[in-house]
Amino acid sequence: MSIFKKISVNGWQPQQLTIRDVKFATWIAFFAWFFAVYDFILFGTLLPEIGGHFGWSEVEQAEIATWVAVGGAVIALAIGPLVDRLGRRMGIVVTVGGAALCSLLTAIGGAWGKGALTAIRSVAGLGYAEQTVNATYLSELYTAIDDPKLNKRKGFVYSLVQGGWPVGALVASALTAILMPIIGWQGSFIFAALPSLVIAVMALKLKETPQFQVQKKIQQLRAEGNDKDARQVASDYQVSYEEQHRSGLAAAFRGPSLRATLVLGGAVLINWFAIQIFSVLGTTVITKTHDVSFNNSLLILILSNLVGYCGYLAHGWLGDRFGRRNTIAVGWMLGGVAFAGMLYCPDNFATIVALYSIGLFFLIGPYAAALFFISESFPTAIRATAGALIGAMGPVGAIIAGVGTTSVLSSGGHWQDAALWFGAVPCFISGIIMLFARAGAHHSTTVNSAATTQPQA
């Protein structure tokens, strides 16, 4: 049952929600993220095949990958203000549908040249932005519905949605191996686009969040010059009237939002140093720092994604019980310690794999709580914008870590030192930075005092 039952100005009230609506939205969000990851991993996996088909050298392929990463980050950042303007429901439709169309175009884009393919895959960054839209949408829906069971475990339920990343990565790798010999790389992208298009159509049936509807009603009344009724709506639904017309990126750096933007953005930026070193370059780091060799990269891929999925569920559950801020902070600090231990432990295969797995568990897992916590930390008017801004800090951190690691190695340093100072230590520091965030979400995602619970940290 929705908690938005009060009738405000001229008999107006937000569209009512049911628990069935929320469950449907949760499934749509999961599959939207799952297929977005599928497409994301598919391109990285098949880039050598694409390059070989068109005669592009490894250097040219690396350049394409770099510019796609930059373009994708820009697109992911731009989607935030769009979602705050058009709504969370349309945000999901645009991101899923856009990523699906880009997957289709990828099958033919290479024939138009490297520039065209780079542009297409940059717009496919809409898929990466899906996680920010999901967190914004679901955090508002879960708070708007008065369901005692969901109130106690909404962070854990969201962690199931975010778990679409490791599941999508595994399925992409498995299906690529199966389908490539049959339908080729072009067919693989066409195959990937079809389920995303279905999800985009189904997403049209989603209901908009009551919080966003209240915000738009206040803005509509203000635009009509009816300031009195606008203030009445804000009062009826327990929201800050002033915050409803502060929008755009600049608003993320004003008032109480400034602290959340700086702390959370800084933490994600620094933490992605570790993501780059131990997740993206994990097997390289292990083989370069220890006298061991991973002969089967697929097993390592399965291990890392399985550990990541378990980490999502565990940190989603812990966040509901001990507060999301503390769960994220402790997790990242423990991850830093585990990675440092892995770098300097004896050359024992079992010990190395165990410490690496523990590190991944505490590095990747907290993101299930982090994305939800980010959404809870900002007012409705800039929730998606701020979330996109903070999310965009991740790729920036990865680039800085890559440059730093290269400088250490080029000056005669060892991978052990590079991974410590640009991986393990930043992972620990990012946890400390998280402790400077507010213990409780400063801006409630609910707009009605009838809610049975308030968002947790």
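Figured I'd write up the structure that's included with this text. All of these numbers come straight from a predicted model, not from anything done at the bench.

1. Regarding the overall build of the chain
Counting secondary structure elements, the chain contains 17 helices and 0 strands. A compact globule built from 457 residues would reach a C-alpha radius of gyration of about 23 Å, and the chain, at 22 Å, matches this within 12%. Principal-axis analysis of the C-alpha atoms places the extent of the chain at approximately 70 × 45 × 35 Å. Out of the 457 residues in the chain, the part that is buried amounts to 56%. Across the chain, the fraction of contacts at a sequence separation of at least 24, relative to all contacts at a separation of at least 6, is 82%. Carbon and sulfur atoms form 66% of the exposed surface of the chain, whose accessible area is close to 18400 Å². Taking the average location of the 29 positive side-chain charges in the chain and that of its 23 negative ones, the two points are 10 Å from each other.

2. Points about the side chain of Ser196
Relative to the helices and strands, Ser196 is located in helix H7 (residues 164-203). The class of Ser196 is buried, set by a relative accessible area of 6%. Those residues within four positions of Ser196 in sequence are excluded, and the remaining contacts are Phe35, Val96 and Ala100.

3. Re the packing of aromatic side chains
According to the stated counting rule, one finds 18 aromatic pairs in the structure shown. Pairing Trp27 with Phe31 gives two aromatic rings, centres 5.9 Å apart and planes at 20 degrees, and the pair type is stacked. Remark: Phe31 and Trp27 occur in helix H1 (residues 19-54); sequence separation between them is 4 residues, near one turn of the helix. Judged by relative accessible area, which is 54%, Trp27 ranks as exposed. Ring centres of Phe31 and Phe35 lie 6.3 Å apart, and the angle between their planes is 25 degrees; on these two criteria the pair is classed as stacked. Placement of both Phe31 and Phe35 in helix H1 is noted, with a separation of 4 residues, approximately one turn of the helix. For Phe31, a relative accessible area of 31% translates into the label partly exposed.

Definitions and cut-offs
Residues numbered from 1 in each chain as written. Predicted model: local features only at pLDDT ≥ 70, side-chain atom pairs only at ≥ 80, totals over all residues. Heavy atoms only, no water. Helix = DSSP H or I, 4+ residues; strand = E, 2+ residues; numbered from the N terminus. Rg over C-alpha atoms; globule rule 2.2 N^0.38 Å. Buried < 20%, exposed > 50% of the residue type's maximum accessible area, 1.4 Å probe, protein only. Contact = heavy atoms within 4.5 Å. Areas by Shrake-Rupley, 256 points an atom, 1.4 Å probe, with all protein chains shown as cover. Lys, Arg positive; Asp, Glu negative; His and termini not counted. Charge placed at Lys NZ, Arg CZ, Asp CG, Glu CD. Phe/Tyr/Trp six-rings, centres within 6.5 Å; stacked < 30°, edge-to-face > 60°.

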